[in-house]
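Coordinate inspection notes
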Amino acid sequence: MKTIELKELLMDMSVLEKIGQLVQFSGEFFESQDVTYGPQQKLGISQEIVDLAGSVLNVTGAETTRKIQMNQMAKQPHHIPMLFMSDIIYGYKTIYPNPLGLGATWNPELVAQACEMAAKEAAASGNHVTFAPMVDVIHDARWGRCLESPGEDPILNSSIAQAMVYGFQKNLSTGSGQIACLKHFAAYGGVEAGREYNTVDMSMSNLFQNYLPPYKAAIDAGCKMIMTSLSSLNGIPCTADSWLLKDILREKWGFDGVIISDYAAIRELVSHGVAIDNKEASLKALMAGVDIDMQSSCYSNELESLVTDGILDEDKITEAAWKVLKLKNELGLFENPFYGASKKLEDKNILSQENRKLARNLCEESLVLLKNDNNVLPLDITKKIALLGPYADCQDMLGMWAVHADNSKTVTLKDGIKKYLGSNLNCTKGVDLVDDIKYLQGMWDFTSEEVQDILSASKNNASEMNVALTLAKESDYVVIAVGEQSKESGEAASKTNLHLSDSQIELIDKVHKLNKKIVLIVISGRPLVLEDILEKVDALLYAWFPGTEAGDAIANILFGKVSPSGRLSISFPRNEGQLPIYYSQLPTGRPANSNSARFTSRYIDSQLDPLFPFGYGLSYSEVRYKDVQLSKATYSVDEELEIQITLVNEGVKSVKEVIQVYFNDPVASLSQPVKRLVAFKKVKVDAQKQYKLIISIPSYKLKFFNNKGDAVFEKGTFNIYVGRNVHDCIKLSCEYI
Ligand code: GLC
């Protein structure tokens with residue numbers, strides 16, 4: 001539709017019609033037959049406003065969305081098509097690893113391809129907007145939403161954010177893309193104590209330096225929507241923060257897309273204590289710049305009376321409605337309200353072999369080999385192998401936010417390993433993922449069948465463990481697959497105990513006592529605390545929630561078809577007491593290491609450094625860094641830093657190496673982190689080959705943000721670190737004059 005026609009439509013709409021464009025309700029408001037007794041009784045909204053709603057949450061399916069779209073448009077005076085929005089965080093039906101695994105690939109190009117694939121699947125099912133990428137920087141593994149974030153570093157998160165926006169939105173014009181809705185703005189990952197929905201409070205330099213860059217990167221990549229965080233920032237809930245949503249987002253960064261609240265976040269302004277009732281909450285949110293109210297009755301029940309009472313200028317509603325109409329028009333919904341919805345395309349695209357292959361490749365690159373004593377991996381297929389543990393033969397490996405996926409499509413570890421070993425594989429669960437049924441039932445509303453399935457081993461208790469130990473005794477190697485139950489990570493899943501369950505630890509311990517070589521595979525949405533079992537295993541492969549192709553991808557790594565190339569995008573703590581832990585810490589006035597004297601910045605009851613550092617990961621050939629040098633020692637501000645590197649693979653396996661470049665500004669007007677990632681590159685290095693490259697870094701990347709939120713560059717000495725992880729680097733120095 002031409003802009004002039006869209007403007008005419010807008011001018012012709014009643015205030016209630018315009019308010020309708022600003023409200024979003026979940027699927028049951030549109031699918032259940034008798035809506036008068038449906039959920040809106042809980043929200044107290046009228047059928048009139050439901051019929052005018054401009055978007056719907058988490059409804060997919062070509063035929064379902066077409067039916068709902070037709071019904072809704074028929075009810076509307078101006079027949080305005082709805083936007084269908086869903087949580088497609090790491091895949092729609094073909095699920096790839098959760099974003100902490102995507103970060104661990106250090107491969108933005110591959111991540112972009114996966115998002116493009118997810119967008120095609122979702123578009124065929126009638127979806128228009130995905131609530132991704134989530135790029136919240138995270139420093140605390142107690143927070144369940146580590147699952148959804150690429151990790152702890154603003155530069156790596158920015159790279160993944162750009163890749164995801166590019167991948168989702170690439171094919172928007174051809175009906176097979178998705179509008180990317182960036183979240184959660186802003187700094188949700190900084191919740192105090194890793195407790196869900198908790199307070200976020202930080203200095204301006206920390207906010208601008210460490211938390212805002214990934215959102216800015218996504219906006220610079222063209223994302224068209226952004227979701228406000230449920231949390232407050234420095235005392236102001238993000239959903240009512242006009243400094244954040246107007247001064248920064250719109251004015252400073254030039255974002256001109258749509259701002260949607262998170263689920264019921266507008267109503268929650270009352271709980272935050274910044275609004276006395278829904279009316280004041282609605283006024284504050286709209287005046288702060290929130291265009292769409294997701295799943296609350298605020299905008300639908302309060303905005304009209306705010307206008308008639310002369311408190312709110314109707315123009316504010318019109319401005320917000322205009323942004324929503326423009327977005328719909330960009331998608332071409334006025335010409336084709338069904339966008340890409342097509343049963344034929346669904347049948348052709350969804351879970352295709354091509355899509356599965358891409359998910360498998362991504363999963364392979366996300367797996368992080370954290371230990372491999374005596375090169376126990378790759379495994380020898382002629383050996384007898386026992387596969388034990390709750391994840392040995394389990395399809396629930398997709399994680400909490402694979403909301404539209406079907407577990408039954410997942411390739412289990414047993415499936416994948418059998419392709420290599422055939423009948424030479426013995427497999428049994430041995431123990432369950434969780435030991436306490438109350439804990440399990442308290443974390444999610446599982447059905448009784450689901451509870452039975454999750455706790456299937458403990459039903460027969462000791463015998464299951466004995467069967468497992470018998471299989472272990474008969475084998476040369478034991479692969480044990482353990483971890484978190486899939487609902488233990490994700491939203492509202494903060495934990496204070498990050499250890500494996502007691503029975504999983506017991507299984508590892510008992511197999512260890514049999515003097516068997518143990519390969520431990522951990523399935524989890526976040527870093528777990530593994531120091532207590534690390535010495536008992538010979539190899540440790542971290543698999544996150546690996547997705548639909550889990551079994552085949554993990555087997556390809558275990559048997560050496562693919563060399564592991566994942567590197568951690570988050571520091572792994574030795575214990576919960578170290579949290580929050582992250583590598584880019586300030587030096588303090590009394591810098592310490594684990595052997596420092598008493599009066600230094602350390603713990604007296606724990607080592608200081610993480611169990612595994614940021615950027616860490618092993619491979620099947622170690623790559624040597626040779627002739628690492630700067631092109632010169634002194635630079636002027638307009639010159640790029642040039643780093644020459646030669647990689648030498650003296651092993652027998654081709655590998656992919658992640659070269660990481662960090663820097664430190666040792667003397668500045670504001671204390672600077674001991675290291676900050678500034679550049680990285682993932683390169684393939686074939687066996688017995690060497691690979692020479694140059695990494696160039698413009699000086700603006702060495703700026704830091706001060707407490708006014710301004711980026712400043714200060715001349716002087718810079719330490720440059722080049723290596724395979726944040727601790728294992730070659731140090732160089734240069735001077736900016
Ligand atoms: C949830 C989450 C958000 C999600 C939204 C819609 O509360 O915070 O990430 O996209 O609601 O499901």
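Per-chain numbering applies: the sequence of each chain, read as written, is numbered from 1 onward. Only residues with pLDDT of at least 70 are given local features in this predicted model, and only at 80 or more are side-chain atom pairs given and counted; all residues enter the totals for whole chains, interfaces and linings. Side-chain metrics in this entry use all non-hydrogen atoms of the structure; hydrogen atoms and water are not considered.

1. Here we look at the domain arrangement of the chain
For the chain, the assigned domains read domain 1 (3–345), domain 2 (355–568) and domain 3 (623–736). The C-alpha-based centres of domain 1 and domain 3 are spaced at 37 Å. The contact criterion used is simple: two residues touch if any of their non-hydrogen atoms lie within 4.5 Å. With 14 residues of domain 1 at the contact, the number on the domain 3 side is 16 residues. When two parts are put together, the accessible area they lose, computed with a 1.4 Å probe and summed over both, is reported as buried area. Each partner contributes to the roughly 1,200 Å² buried at the junction of domain 1 and domain 3, and carbon and sulfur atoms together form 61% of this total. We define a salt bridge as a side-chain nitrogen of Lys or Arg found within 4 Å of a carboxyl oxygen belonging to Asp or Glu. On inspection of domain 1 and its partner domain 3, the count reaches zero salt bridges. Under the rule applied, a polar contact is a pair of N or O atoms within 3.5 Å (in protein, one hydrogen donor and one hydrogen acceptor; residues adjacent in sequence only if both atoms are side-chain atoms). At the surface where domain 1 touches domain 3, the tally comes to three residue pairs in polar contact (both at pLDDT 80 or more). By definition, any uninterrupted DSSP run of H or I lasting at least four residues is a helix, any uninterrupted run of E lasting at least two residues is a strand, and each is numbered from the N terminus. Within the residue set of the side of domain 1 that touches domain 3, elements represented by two or more residues are helix 9 (154–169) and helix 10 (204–211). Looking at the side of domain 1 that touches domain 3, the element that brings in the most residues is helix 10, giving four residues. Partitioning the side of domain 1 that touches domain 3 into residue classes produces six nonpolar, six polar and two charged. An automatic or database domain assignment supplies the residue ranges for each domain. Ten residues, namely Ala, Val, Leu, Ile, Met, Phe, Trp, Tyr, Cys and Pro, are considered nonpolar, four, namely Asp, Glu, Lys and Arg, are considered charged, and the remaining ones, Gly among them, are considered polar.

2. So, the sheet that holds strand 19 (residues 641–649)
Strand order in the open sheet made by the three strands is 17-19-22, with antiparallel pairing throughout. Lying at the two open borders of the sheet, with one neighbouring strand each, are strand 17 (623–630) and strand 22 (690–697). Averaged over all adjacent pairs, the angle separating strand axes in this sheet is 20°, with direction ignored. We call two strands paired when DSSP finds no fewer than two bridges between them. Sheet topology places strand 17 next to strand 19; six bridges connect them, and they run antiparallel. When the bridges of strand 19 are listed, leucine 630 appears paired with isoleucine 643. Orientation is described by lines fitted to C-alpha atoms, with helices fitted over the stretch in contact, and by angles between N-to-C directions that extend from 0 to 180 degrees.

3. Observations regarding the sheet that holds strand 12 (residues 385–388)
Taking strand neighbours across the sheet as the criterion, the six strands line up as 11-16-15-14-12-13 in an open arrangement whose pairing is mixed. Either end of the sheet is taken by a strand with one partner, and the two such strands are strand 11 (368–372) and strand 13 (425–428). Shown here is a sheet whose adjacent strand axes are inclined to one another by a mean of 15°, direction ignored. Here four bridges tie strand 12 to strand 13, and the two strands are oriented parallel to one another.

4. A closer look at the confidence of the model for the chain
The predictor's confidence in any single residue is recorded as pLDDT, a number from 0 to 100. Of the residues in the chain, 98% have a pLDDT of 70 or more, and the chain-wide mean is 96. Counted against residues more than four places away or in other chains, residues 32–38, with its pLDDT under 50, gives four contacts.

5. Side note on the packing of helix 23 (residues 462–473) against helix 24 (residues 502–512)
As a packed pair, helix 23 and helix 24 sit with axes 10 Å apart at the nearest point and diverge in direction by 30°. Between helix 23 and helix 24, the crossing angle belongs to the class labelled roughly parallel. Helix 23 and helix 24 meet at a crossing whose hand is right-handed. Counted together, Met465, Ala468, Leu469 and Ala472 of helix 23 and Ser503, Glu506, Leu507, Lys510 and Val511 of helix 24 form the full contact between these two elements. Along the lines of polarity and charge, the residues of the contact of helix 23 with helix 24 split into six nonpolar, one polar and two charged. Here the angle decides the label: under 35 degrees means roughly parallel, over 145 means roughly antiparallel, 65 to 115 means roughly perpendicular, and every other value means oblique. Crossing chirality is assigned from the near helix's rotation relative to the far helix, an anticlockwise turn below a right angle marking it left-handed and a clockwise turn marking it right-handed.

6. Focus: the environment of glycine 310
Within the fold, glycine 310 resides in the loop between helix 15 (298–308) and helix 16 (314–330). For glycine 310 and aspartate 538, which are 228 residues apart along the polypeptide, the C-alpha to C-alpha distance reads 71 Å.

7. Points about the layout of surface pockets
Within this model, the largest pocket holds a volume of roughly 950 Å³. The way it works is a 1 Å grid over only the protein atoms, where trapped points that fit a 1.4 Å probe form a cavity and open points with protein on both sides within 12 Å along at least five of seven lines form a pocket, and then any residue with an atom within 4 Å of a point lines it. Lining the largest pocket we find 35 residues, and of these Ile155, Ser158, Pro213, Tyr700 and Lys701 sit closest to its centre. When residues of the lining of the largest pocket are traced back to their parent elements, those giving at least two are helix 9, helix 10, helix 11 (213–220), strand 21 (676–685), strand 22 and strand 23 (704–705). Counting residues per element, the lining of the largest pocket draws most heavily on strand 21, at six residues. Of the domains in this structure, domain 1 (3–345) and domain 3 (623–736) are the two that each give at least three residues to the lining of the largest pocket. Considered as a void within the structure, the second largest pocket measures approximately 730 Å³ in volume. Grid points are joined across faces, edges and corners, and a volume is the space filled by probe spheres set on the points.

8. With respect to the nonpolar core
Across soluble globular proteins, nonpolar side chains have a tendency to be buried as a group. One finds Tyr96, Phe185, Tyr299, Ile521 and Leu558 to be the most contacted residues of the largest nonpolar core, which totals 215 residues. Take this core: its biggest share by element is ten residues, from helix 8 (residues 108–124). Apart from the residues lying within four places of it in its own chain, the contact partners of leucine 558 are Leu377, Pro378, Leu379, Ile417, Val479, Val519, Ile521, Leu541 and Tyr620. Nine residue types can take part in a nonpolar core, namely buried Ala, Val, Leu, Ile, Met, Phe, Trp, Tyr and Cys, and a core is a set of them joined through side-chain atoms within 4.5 Å. Accessible area is worked out with a 1.4 Å probe on protein chains only. A residue is then buried under 20% of its type maximum, exposed over 50%, and partly exposed in between. Within the second largest apolar cluster, 28 residues are counted, among which are Ile643, Val661, Leu693 and Ile720.

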